[in-house]
Amino acid sequence: MTFRTKLLLISSFTVAGAVALVTGAVSISTRRAFDTIDRERRQALLVQFRDELAARSVEVARRVELAASSPGVQQIVAGAAEYDRAQTEAATADLDFLDVVEPNLTIISSAHWPARFGYQNDWQIAPNDWYTSDVFLARIPTPEGSVMALTAVRPAAGGKALVAGGRRLSPELLKSLGVAPGMRALLWLPPGEVIDAEGSVTDAQKLAPLIQEVRSTNGEATGSVQWTSDRRSSEAFLALPITRAGTLTGVLLAGTSLSTQLGLERSILRTGIVVGASGIVIGVLLGWWTTERITRPVERLAAGARAVAGGDLSARVEVLSRDEIGELAQAFNRMTEQLLEQRERAIQAERVAAWRELARRLAHELKNPLFPLQITIENLQRARESSEFEEVFRESTATLLAELGNLKTIIGRFSDFAKMPAPQFETVDVNEIVRGVMKLNIQVERSKVKPVLDLASGDARIQADPDQLRRALGNLVLNALDAMPDGGTLLIRTGLHDGGVRLEISDSGQGLTEEECQRLFTPYYTTKQHGTGLGLAIVQSVVSDHRGKISVSSAAGRGTTFTIDLPVSQVDSAATAGEPA
Amino acid sequence: MRRTALRSIAAANAVLALAAGLEAARRPRYGGELRVEVRAAITSLDPAVVPEDPAALGAQRQWMPSVFETLVSLDDHGRPQPWLATSWTHDTTRKAWIFQARKNVKLHDGSTWSPPGGAIAVPDDRPIEQILRELAGARSAVVVKAEDGSLLGTGPFRIARWEAGKLAMLAAHDQYWGGRPFLDSIRIQMGRSLTDQASDFQIGKTDAVEIAARDLRAPKQRGTAMASSQPTEMVALTFDGGRVTAPTRQALALSIDRTAIFNVLLQKQGEISGALLPRWLTGYSFLFPAERDLVKAKQLVPAPQALTFGYDRQDAVIRPIAERIAVNASESGITLRPSAGGADVRLVRLPVTASDPWLALQDLTALLKVAPPAPAANSYEAEKALIDSSGVIPLFHLPRGWMLSSKVRNWSRFEEVWLDGGAAQ
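Residues numbered from 1 in each chain as written. Chains lettered and ligands numbered in written order. Predicted model: local features only at pLDDT ≥ 70, side-chain atom pairs only at ≥ 80, totals over all residues. Heavy atoms only, no water.

Participant: Sorry if this is basic, but what is going on with the overall build of chain A here?
Facilitator: Looking only at helices and strands, chain A has 14 helices and 18 strands in total. For chain A, the proportion of contacts with a sequence separation of at least 24, taken over those separated by at least 6, is 61%. Accessible area of chain A: about 32000 Å², with a carbon and sulfur share of 55%. (Helix = DSSP H or I, 4+ residues; strand = E, 2+ residues; numbered from the N terminus. Contact = heavy atoms within 4.5 Å. Areas by Shrake-Rupley, 256 points an atom, 1.4 Å probe, with all protein chains shown as cover.)

Okay, structure coming up:
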């Protein structure tokens, strides 16, 4: 993932997160505000509900008293009226239910169920309550089923009878409350009937948990009901028990539709999503613009760094701003300038060191033959008068010639290194080269070193100069043999690697130190007593001319391994092949 | 037993005049129009048409003799008496009966009713009592179809205007062989509820209206002129389609507290009965059980049952009885749910249409849609068989009650009624 992408994601997520937080906070605060307001409204509705119920109770008591004292009821008690006369009295008193009963509760006349004359009144109330209770809720049986009513009982005809009357707890009662839009009042009546201003409430069983809570605590309870699968059908309730003699006779419920609240929350959420999406788009655009301004100089710096890494110390980065990025670009430019200067100085120093080393080596190489030459010439001068001059002359000239030959050899090696020819490429089998070199060198050191060949089984042919390759490989073999004066194992392994051929030449000698490994390919550097320090330099030169790579790894006491990677083809490098690196 | 009862009990259509004796002593006057309102809606006065509506059948059977007459009639004791036939005898082969036609009988169009040869032969070898009873029945009335399709009879009144189910205008038949009736005409408005009739009566729109049996006592107390008949209407439960089993029917019959209904709802008018025919007609109705036995009823209904219950909610007599029956039935575990359409159980009023048990049973079988009773030794056996086959549960026999305006006199058959100051009407 690029830096630009990361920046874009971070900026987008930051905007979206901020919007989500704000939206959530607004939603929560809105919900709390709604909850508070709704609870107050429900409380107010319940108070209104109770007041209305109390007012109606007073009215029912008054009407029952009116009926009890009416001449019609007196006639009923006296047996001078028709069996359904209570209907007339109920209509006169505007009561929905009216039973004229004997003291033993046998019905004399019933307004709402005339056919029940002679039966026991069954309003599900204890007989002793008839005299002690004021207005109460009772379930009254009718031909169509039992219904709840506000009821009262009053004596009639001087106590010869009782008049029990009531008014139905109808939706009209709830409708008369005139509740605010979005609210409604409900009345739960045992065993499970629920009515509101419109009539019976369907799915009333969904209120059962709330009713159960009211029943168990005998106090207020709150809860919400989702009537359908749509969340907007949710309704919050505040429930209040109606009790009589410790028995739950009903539950008042004030409900508030949550559709408005949910709608507002949804609107806030929708707005948040829109704002968030817009923020993300804007964030992406701004992020893109910002990251473009930030990453472009960084990319230039990266390109410059890559150029420097590739050896181009002249690479520079354009300074476009005066901020941190600009300072970084300036620092980069200063760094490359300093690197360039340091490299120039290092080259100069290395040249000087090389000349010094060359001079030291030449001096050392040339001083050794010169001393025998001086001794020999002095011996000749001293022997010119002696009788053994001829013999001394012969031996001295032989020595002189031998030392001159050494000088010539030394000079030839330096000359060869200086005049390393351009490789003449042809297809060669690396394995064959290795076998030839091993054959030549193992004949010399047959007794002490054990040669081991681990050659590639496949095609190990590459384009190379066979003479130079043979000479480089020979130098490495000779070095390995020199590293094992007491014998050991010489392992040469060839194999295909990374589209080319890899050669590994390992000895089991004493190994090299890390410093020795670092300076090993420096011309005229040697670890041997009689070396010129040009062998590995020549190897590196050959490998370089073949566009290959050479490396060394060594561990103390476990030998040294030279690894050479050569490409199969030299086509791409033909143009530069004639120019030594 | 039947004859003993017939002798001792007044006949069904003999309506008792309860007006004061002083009024009865007044001399009848001719003229005037009698305005009558009834609940029944008769679609046809043709004796051959048997209405399916019980109330219509009852009304038709009551009025028809005033328009269409039979060869023989039954007196108040149920005995056959000569009417359009003056005498009868069997032929020489004893295979047919010859009825001599009354002379000088005029049809409503003024033409003379004269059977060929002045006699009517009835080829029937059954006992003469059965033949005479059948000839006294409404279905044997003499009806002549005129060229314009109208029906002509020989009765004291002719049909002057007929609007099926709504209005019947009867006019006096001036050439009636028994003498012109007192009334000039009778205007009968049909299909009027008891409430509407009472309202019309209160404002003087009608002279005679029906009242429910339970209200028979109330007008008396107010001094209103009224009349009532012998119990000629049966209140009974019928069952449709055989969906109700016999044990359930029996449990329902046993659960009903007839006494409470009789005392309170019917104000002790009529009689409690478990029989199809009233006591005055047969004398044996007490043999049919009508007592309540709730314990046995509960035993017959081991599990609660729900039945649909049909009755006429507009009928002020039927509705309270039905509601009380529903309350009673619930005690035995039977729930009767009111139903406006088809119902398992129906509470109906069935008319007793004749003063002869066999003729009355004949019409009942038609109303109950069951086969007529097989010839039996006596009508008790026939009645019992009819109850068993139809599953009907008789409950009460109720009298017909009338409220009459002060000018109506001698309220009985139409031809005997006259109006005080009738000429002024």
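Participant: Help me understand the interface of chain B and chain A, please; the structure alone is not making it clear to me.
Facilitator: Interface size is commonly expressed as the accessible area that is lost once the parts come together. Counting from both sides, the interface comprises twelve residues of chain B and, opposite them, nine residues of chain A. With both sides pooled, the region where chain B packs onto chain A buries about 930 Å², and carbon together with sulfur makes up 58% of that total. It is Val264, Arg324 and Val327 of chain B in chain B that bury the most area against chain A; as a group they hold 49% of the surface buried on that side. Linking chain B with chain A are zero salt bridges. Contributions of two or more residues to the side of chain B that touches chain A are made by helix 8 (258-265) and helix 11 (318-331) of chain B. No other element matches helix 11 of chain B, which puts six residues into the side of chain B that touches chain A. Class assignment of the residues belonging to the side of chain B that touches chain A gives a composition of five nonpolar, one polar and six charged. (Buried area = accessible area lost by both parts, 1.4 Å probe. Salt bridge = Lys/Arg side-chain N within 4 Å of Asp/Glu carboxyl O. Nonpolar A, V, L, I, M, F, W, Y, C, P; charged D, E, K, R; others polar.)

Participant: Would you mind showing me how to read the packing of aromatic side chains here?
Facilitator: For any pair of aromatic rings, the description rests on two quantities: the centre-to-centre distance and the angle between the ring planes. Per the stated rule, a full pass over the model turns up 14 aromatic pairs over all chains. Seen from their ring centres, Trp227 of chain A and Phe237 of chain A are 6.2 Å apart, and the 90° between their planes marks the pair as edge-to-face. Here Phe237 of chain A lies in strand 10 (residues 234-244) and Trp227 of chain A lies in the loop between strand 9 (221-226) and strand 10, a separation of ten residues in the sequence. Comparing Trp227 of chain A with Phe237 of chain A shows no difference in burial state: the two are buried. An aromatic cluster of three or more residues is present, and its members are Trp63, Trp402, Trp411 and Phe414 of chain B. Stacked on the ring of Trp113 of chain A, the Lys or Arg Arg116 of chain A has its end atom at 5.2 Å from the ring centre. Lying across the ring of Phe239 of chain B, Arg249 of chain B places its NZ or CZ 5.7 Å from the centre. (Phe/Tyr/Trp six-rings, centres within 6.5 Å; stacked < 30°, edge-to-face > 60°. Buried < 20%, exposed > 50% of the residue type's maximum accessible area, 1.4 Å probe, protein only. Lys NZ or Arg CZ within 6 Å of the ring centre and 35° of its normal.)

Participant: Looking at this structure, I do not really get the environment of Leu187 of chain A. What am I missing?
Facilitator: Residues and elements named next belong to chain A. Relative to the elements of secondary structure, Leu187 occurs in strand 6 (residues 183-189). Residue Leu187 is classed as buried on the basis of its relative accessible area, which comes to 1%. Separated by 18 residues in sequence, Leu187 and Leu169 have C-alpha atoms that sit 8.7 Å apart.

Participant: What is the right way to read a nonpolar patch on the surface from this model?
Facilitator: All names here are of chain A. On the surface, a nonpolar cluster with roughly 370 Å² of combined accessible area is contributed by Met1, Leu9 and Phe13. Inspection of the secondary structure assignment puts Met1 in the segment before helix 1 (3-68). Note on Met1: relative accessible area 70%, which makes it exposed. (Patch = residues over 30% accessible without salt bridge, like charges linked within 9 Å, V, L, I, M, F, W, Y side chains within 5 Å.)

Participant: What exactly am I supposed to notice about helix 3 (residues 54-63) of chain B here?
Facilitator: An α-helix turns once per 3.6 residues; consequently, residues spaced three or four apart project the same way. With nine of ten residues buried, helix 3 of chain B is to be regarded as a mostly interior element. Regarding helix 3 of chain B, the residues found buried are Pro54, Ala55, Ala56, Leu57, Gly58, Ala59, Gln60, Arg61 and Trp63 of chain B.

Participant: Would you mind showing me how to read the environment of Arg316 of chain A here?
Facilitator: Residues and elements named next belong to chain A. Take Arg316: it is sitting in the loop between helix 7 (259-309) and helix 8 (324-383). For Arg316, a relative accessible area of 38% gives the class partly exposed. On a C-alpha basis, the gap between Arg316 and Met335 in space is 9.7 Å, while along the polypeptide they are 19 residues apart. Discounting residues that sit within four places of it in the chain, Arg316 has contacts with Asn333, Thr336, Glu337 and Leu340. In terms of polar contacts, Arg316 uses its side chain to reach the backbone carbonyl oxygen of Leu313, at 3.1 Å. At a separation of 3.0 Å, a polar atom in the side chain of Arg316 contacts the side chain of Thr336. (Polar contact = N/O pair within 3.5 Å; in protein donor to acceptor, adjacent residues only side chain to side chain.)

Participant: What am I meant to see in the sheet that holds strand 18 (residues 560-567) of chain A here?
Facilitator: Adjacent strands of a sheet form backbone hydrogen bonds with each other and so pair up, either parallel or antiparallel. Residue and element names in this part refer to chain A. With respect to topology, five strands assemble into an open sheet ordered 13-15-16-18-17, the strand pairing being mixed. The sheet is open, and its two edges are formed by strand 13 (449-454) and strand 17 (549-554), each paired on a single side. Here the strands of the sheet are splayed against their neighbours by 15° on average, with no regard to which way each runs. Relative to strand 18, strand 16 (residues 500-506) runs antiparallel, the two being bridged by seven bridges. Looking at the pairing, Arg502 lines up with Asp565 of strand 18. Together, strand 17 and strand 18 form the strand contacts of helix 13 (residues 535-545), whose direction differs from that of strand 17 by roughly 140°. (Pairing = 2+ DSSP bridges. Axes fitted to C-alpha atoms, helices over the stretch in contact; angles between N-to-C directions.)

Participant: What should I look at first to understand unusual backbone geometry in this one?
Facilitator: Trans peptide bonds make up most of the peptide bonds, and negative phi angles are found at most residues other than glycine. Despite not being glycine, Ala157 of chain A has its phi angle at roughly 50°, a positive value. Its location among the elements puts Ala157 of chain A in the loop between strand 4 (147-156) and strand 5 (161-168).

Participant: Explain the sheet that holds strand 7 (residues 193-196) of chain A to me, please; I cannot follow it from the model alone.
Facilitator: Residue and element names in this part refer to chain A. Overall, antiparallel pairing links the six strands, which are arranged 8-7-6-11-10-9 in an open sheet. Of all the strands in the sheet, the pair left with one neighbour each is strand 8 (199-200) and strand 9. Lying on the sheet, helix 1 is in contact with strand 6, strand 9, strand 10 and strand 11 (247-257); it crosses strand 11 at an angle near 135°.

Participant: Help me understand the packing of helix 7 of chain A against helix 8 of chain A in this model?
Facilitator: When two helices pack together, their arrangement is given by the angle between the helix axes and by the axis-to-axis distance. Residue and element names in this part refer to chain A. At a closest axis distance of 10 Å, the pairing of helix 7 and helix 8 adopts a crossing angle of 10°. Of the possible angle classes, the one that applies to helix 7 and helix 8 is roughly parallel. Contacts between helix 7 and helix 8 involve Ile294, Pro297, Val298, Leu301, Gly304, Ala305 and Val308 from the former and Ile325, Leu328, Ala329, Phe332, Thr336 and Leu339 from the latter. Here the contact of helix 7 with helix 8 is composed, by residue class, of eleven nonpolar, two polar and no charged. (Parallel < 35°, antiparallel > 145°, perpendicular 65-115°, else oblique.)

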